[in-house]
Amino acid sequence: HMPIFAEAVAALAERHPQLLLAVPVSKRLLGAVGIHFQGCPLKVILVPGDAEKWNAFAAADAAIVKSGTVSLEVAASGCPQLVTYRTSRVTAALLR
């Protein structure tokens, strides 16, 4: 999902350069996820830890998330969200 999110962030940065990205991530994936935000045109804060994650959801104006547990967590926080889902190539071709 990271390459798709990177494209979305680049498009958002062109229209809204003042945006701040708060990216909740587990502590064990901090380095692997952080690499994807090097050179990001927006200010990025990687948010490790559960309590910090919920604070980020509460402070956010909106979220872009992948389908799964995080989409349920964001919904529970009351934050508006855009949920993404990646299908197989065959399914994507059929839907087009």
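Everything below is about the structure shown above.
I will try to describe carefully the structure that is included in this document. (Residues numbered from 1 in each chain as written. Predicted model: local features only at pLDDT ≥ 70, side-chain atom pairs only at ≥ 80, totals over all residues. Heavy atoms only, no water.)

## Remarks on the pairing of strand S4 (residues 81-84)
Sheet analysis places strand S3 (residues 63-66) next to S4, joined by 4 bridges and oriented parallel. In the strand pairing of S4, valine 65 is matched with valine 83. (Pairing = 2+ DSSP bridges. Helix = DSSP H or I, 4+ residues; strand = E, 2+ residues; numbered from the N terminus.)

## Re helix H4 (residues 69-77)
Ser71, Glu73 and Val74 are the residues of H4 that are buried. Each buried residue of H4 sits inside an arc of 160° when the element is viewed along its axis, so together they form one side. Summarising the geometry of H4, the exposed residues directed more than 90 degrees from the buried face are Thr69, Leu72 and Ala76. In the core, the buried residues of H4 are packed alongside helix H3 (50-59), S3 and S4. Following H4 by one or two positions, glycine 78 has its phi on the positive side, about 85°. (Buried < 20%, exposed > 50% of the residue type's maximum accessible area, 1.4 Å probe, protein only. Arc of directions from axis to C-beta. Contact = heavy atoms within 4.5 Å.)

## So, the pairing of strand S1 (residues 20-25)
Burial along S1 is one-sided: Leu21, Val23 and Val25 are buried, while Leu20, Ala22 and Pro24, pointing the other way, are not. Where S1 lies against strand S2 (residues 43-48), 6 bridges are found, and the strand directions are parallel. Residue pairing for S2: valine 23 is matched across the bridge by leucine 46.

## Observations regarding the packing of H3 against H4
Angle between the axes and distance between the axes: these two values describe a pair of packed helices. Running from N to C, H3 and H4 point in directions that differ by 55°, and their axes come no closer than 9 Å. Comparing the axis directions of H3 and H4 gives the class oblique. Pair H3 / H4 crosses with right-handed handedness. Contact with H3, carried on its side by Lys53, Trp54 and Phe57, involves Val70, Glu73, Val74, Ala76 and Ser77 of H4 and no other residues of that element. Across the contact of H3 with H4, the residue classes tally to 5 nonpolar, 1 polar and 2 charged. (Axes fitted to C-alpha atoms, helices over the stretch in contact; angles between N-to-C directions. Parallel < 35°, antiparallel > 145°, perpendicular 65-115°, else oblique. Left-handed = near helix turned anticlockwise from the far one by under 90°. Nonpolar A, V, L, I, M, F, W, Y, C, P; charged D, E, K, R; others polar.)

## Some remarks on the environment of serine 88
Inspection of the secondary structure puts serine 88 in the loop between S4 and helix H5 (89-95). Between the C-alpha atoms of serine 88 and aspartate 61, which are 27 residues apart in sequence, the distance is 31 Å. Polar contacts involving the side chain of serine 88 include one to the side chain of threonine 91, which spans 3.0 Å. (Polar contact = N/O pair within 3.5 Å; in protein donor to acceptor, adjacent residues only side chain to side chain.)

## Let's talk about the environment of aspartate 50
Tracing the backbone shows aspartate 50 in helix H3. With a relative accessible area of 53%, aspartate 50 lands in the exposed category. Expressed as a C-alpha distance, the spacing of aspartate 50 and valine 23, which sit 27 residues apart in the sequence, is 12 Å.

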